[in-house]
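Below, each chain spelled out in residue letters.
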Amino acid sequence: MKKLFVKRTVGWGYSFNTETKLGKVLLAVTLLAVAVFICLILFGGPNAVSLVITGTEAEIKSPGIFTGSFNFSTNDIKSVAMIENFPSVSRRVGTGSPRLYAGRFDVAGYGRGNVYIHRNNPPYIVMELEGGWVFLNGQTPDETRAFFNTLNNIQ
């Protein structure tokens, strides 16, 4: 009976024995899992940013795999504005896919901030909080305006 794992000929450790059917299947499953994971990172799963406000607590939910959500108190909001052109950014931590920016970014003209935007989809909301800047928008201009109106009504 052939072994499922064999010692590597180069380096150290073990590898799948692709001379066996099970070894070939395990290698294929591993490669498929890596490809799926890369696709999820690049294209994300669900692709909508959402804003949920409960009392004085607000949460921006992000579809990015590594970004989770951002929570803040509505009492910390200093100002809310809407802009048509989003400034250039440099990612610190988060997702920077072709469709979405989500996470911590350095934003030109503002400094470090939390960014949750659908790229190339104006308008954009700029919020100044006690602890820094937050940028977000919805999937559609109407959804972004609804976020903006909600945030303006709680100030």
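Below is a summary of the structure that appears in this document. (Residues numbered from 1 in each chain as written. Predicted model: local features only at pLDDT ≥ 70, side-chain atom pairs only at ≥ 80, totals over all residues. Heavy atoms only, no water.)

Tracing the chain through its elements places Ser 73 in strand β5 (residues 69-73). Sequence-distant contacts of Ser 73, defined by excluding residues within four places in its chain, comprise Thr 56 and Glu 57. (Helix = DSSP H or I, 4+ residues; strand = E, 2+ residues; numbered from the N terminus. Contact = heavy atoms within 4.5 Å.)

Here we come to the sheet that holds strand β7 (residues 89-96). Judged by pairing direction, the sheet is mixed, and its 6 strands sit side by side in the order β6-β10-β11-β9-β8-β7 without closing on themselves. Each of the sheet's edge strands pairs with one partner strand only, and the pair in question is β6 (77-83) and β7. Averaged over all neighbouring strand pairs, the angle between strand axes comes to 20 degrees, with direction disregarded. Inspection of the sheet shows β6 paired to strand β10 (residues 124-129) by 6 bridges, in the antiparallel sense. Paired with Met 82 across the two strands is Ile 125, which belongs to β10. Relative to the sheet, helix α2 (residues 141-153) contacts β6, β10 and β11 (132-136), its axis offset from that of β6 by approximately 155 degrees. (Pairing = 2+ DSSP bridges. Axes fitted to C-alpha atoms, helices over the stretch in contact; angles between N-to-C directions.)

What follows deals with the sheet that holds β5. The strand order across the open sheet formed by 3 strands is β3-β4-β5, and the pairing between neighbours is antiparallel. The strands lining the two open edges of the sheet, one partner per strand, are β3 (50-54) and β5. If you compare each strand with its neighbour and ignore which way they point, the axes differ by 20 degrees on average. Bridge analysis of strand β4 (residues 57-61) against β5 gives 5 bridges, and the strand direction is antiparallel. Bridging across to β5, Glu 57 finds its partner in Ser 73.

This part covers α2. In a regular helix each residue adds 1.5 Å, so 13 residues correspond to 18 Å; α2 covers 18 Å between its end C-alpha atoms and thus fits that length. Those residues of α2 lying buried are Thr 144, Phe 147, Phe 148 and Leu 151. Buried positions in α2, seen along its axis, are confined to an arc of 100 degrees and lie on one side of it. Turned more than 90 degrees off the buried face of α2, the exposed positions are Asp 142 and Asn 153. In this structure, the buried side of α2 is in contact with β3, β6, β10 and β11. (Expected span 1.5 Å × (residues − 1). Buried < 20%, exposed > 50% of the residue type's maximum accessible area, 1.4 Å probe, protein only. Arc of directions from axis to C-beta.)

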